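Descriptive structure summary
If you want the building blocks of each chain, they are given just below.
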Amino acid sequence: VRSWVDESGLPVLVMRYEDMSAQPEITFAKALDFIGLQHTSAEIKAALELCSFSRLQKQEEEKGFSEKSARSPSFFRKGTVGDWQNSLNAGQVGKIVEKHGEVMKKYGYLDGI
């Protein structure tokens with residue numbers, strides 16, 4: 001993450017899944033504004049509907065998904081915000097926080113820990 005966001009010559013907009021889940025229209029509009037694309041509220045709503053988690057999950061079930069790891073049953077697992085804290089054991093969480101805590105704190109991933 002730091003290699004992208006700390007690069008001084010590269011414009012970067014950080015979009016968290018949590019923000020897209022909580023405020024999809026606002027967050028997506030920020031992304032479109034960032035890249036300079038004109039848009040209407042109706043276009044944003046339509047785009048968000050076409051790429052909803054449940055729709056993508058269904059498409060993967062029907063057609064597969066090329067980015068899925070061969071070791072994983074699916075790419076679109078649950079789509080539940082914060083579920084990493086329930087899915088990983090305390091040792092795994094500890095290792096992740098130890099290695100990435102600074103960036104996690106910067107982007108609000110340690111607020112509830």
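The model shown is predicted, which means the values in this text are computed figures rather than measured ones.

**Some words on the packing of aromatic side chains**
In the structure shown here, the tally under the stated rule is four aromatic pairs. Arranged with centres 5.9 Å apart and planes meeting at 80°, the rings of Phe53 and Phe76 form a pair that is edge-to-face. In this pair, Phe53 is assigned in helix α5 (residues 53–63) and Phe76 in the loop between α5 and α6 (84–87), connecting sequence segments 23 residues apart. A residue is classified by how much of its surface remains accessible, and Phe76, at 11% relative accessible area, is buried. Here a set of aromatic residues connected by ring pairs shows up, and it is made of Phe53, Phe65, Phe75 and Phe76. When the ring centre of Tyr109 is taken as origin, the NZ or CZ atom of Arg16, which lies over that ring, is 5.2 Å away.

**Concerning the pattern of salt bridges**
As enumerated under the stated definition, the model contains six salt bridges in all. The salt bridge partner of Glu62 is Lys58, with a shortest N-O separation of 3.9 Å. With a gap of four residues between them, Glu62 and Lys58 both fall in helix α5, about one helical turn apart. The shortest N-O distance in the salt bridge between Lys78 and Asp83 comes to 3.3 Å. Accessibility expressed as a relative area gives 46% for Lys78, which makes it partly exposed.

**Brief notes about the environment of Arg71**
Structurally, Arg71 is set in the loop between α5 and α6. The class for Arg71 is exposed, based on a relative accessible area of 81%. Between the alpha carbons of Arg71 and Glu49 there is a distance of 29 Å; along the sequence they are 22 residues apart.

**Some remarks on the side chain of Thr27**
The residue Thr27 is located in helix α3 (residues 24–35) in this model. Here the side chain of Thr27 touches Gln23 through a polar contact of 2.8 Å, landing on its backbone oxygen. Residues in contact with Thr27, not counting those within four places in the same chain, are Met15, Asp19 and Met20.

**What to know about a nonpolar patch on the surface**
Side chains of Leu13, Met15, Phe34, Ile35 and Leu37 sit close together on the surface and give an oily, nonpolar patch of about 440 Å² of accessible area. Secondary-structure assignment places Met15 in the loop between α1 (2–5) and α2 (17–22).

**Notes on the environment of Tyr17**
Relative to the helices and strands, Tyr17 is located in helix α2. Taking the relative accessible area as the measure of exposure, Tyr17 reaches 41% and is therefore partly exposed. Between the alpha carbons of Tyr17 and Thr80 there is a distance of 9.6 Å; along the sequence they are 63 residues apart. Not counting chain neighbours up to four residues away, the residues in contact with Tyr17 comprise Phe53, Gly79, Val81 and Tyr109.

Rules and cut-offs
Residues numbered from 1 in each chain as written. Predicted model: local features only at pLDDT ≥ 70, side-chain atom pairs only at ≥ 80, totals over all residues. Heavy atoms only, no water. Phe/Tyr/Trp six-rings, centres within 6.5 Å; stacked < 30°, edge-to-face > 60°. Helix = DSSP H or I, 4+ residues; strand = E, 2+ residues; numbered from the N terminus. Buried < 20%, exposed > 50% of the residue type's maximum accessible area, 1.4 Å probe, protein only. Lys NZ or Arg CZ within 6 Å of the ring centre and 35° of its normal. Salt bridge = Lys/Arg side-chain N within 4 Å of Asp/Glu carboxyl O. Polar contact = N/O pair within 3.5 Å; in protein donor to acceptor, adjacent residues only side chain to side chain. Contact = heavy atoms within 4.5 Å. Patch = residues over 30% accessible without salt bridge, like charges linked within 9 Å, V, L, I, M, F, W, Y side chains within 5 Å. Areas by Shrake-Rupley, 256 points an atom, 1.4 Å probe, with all protein chains shown as cover.

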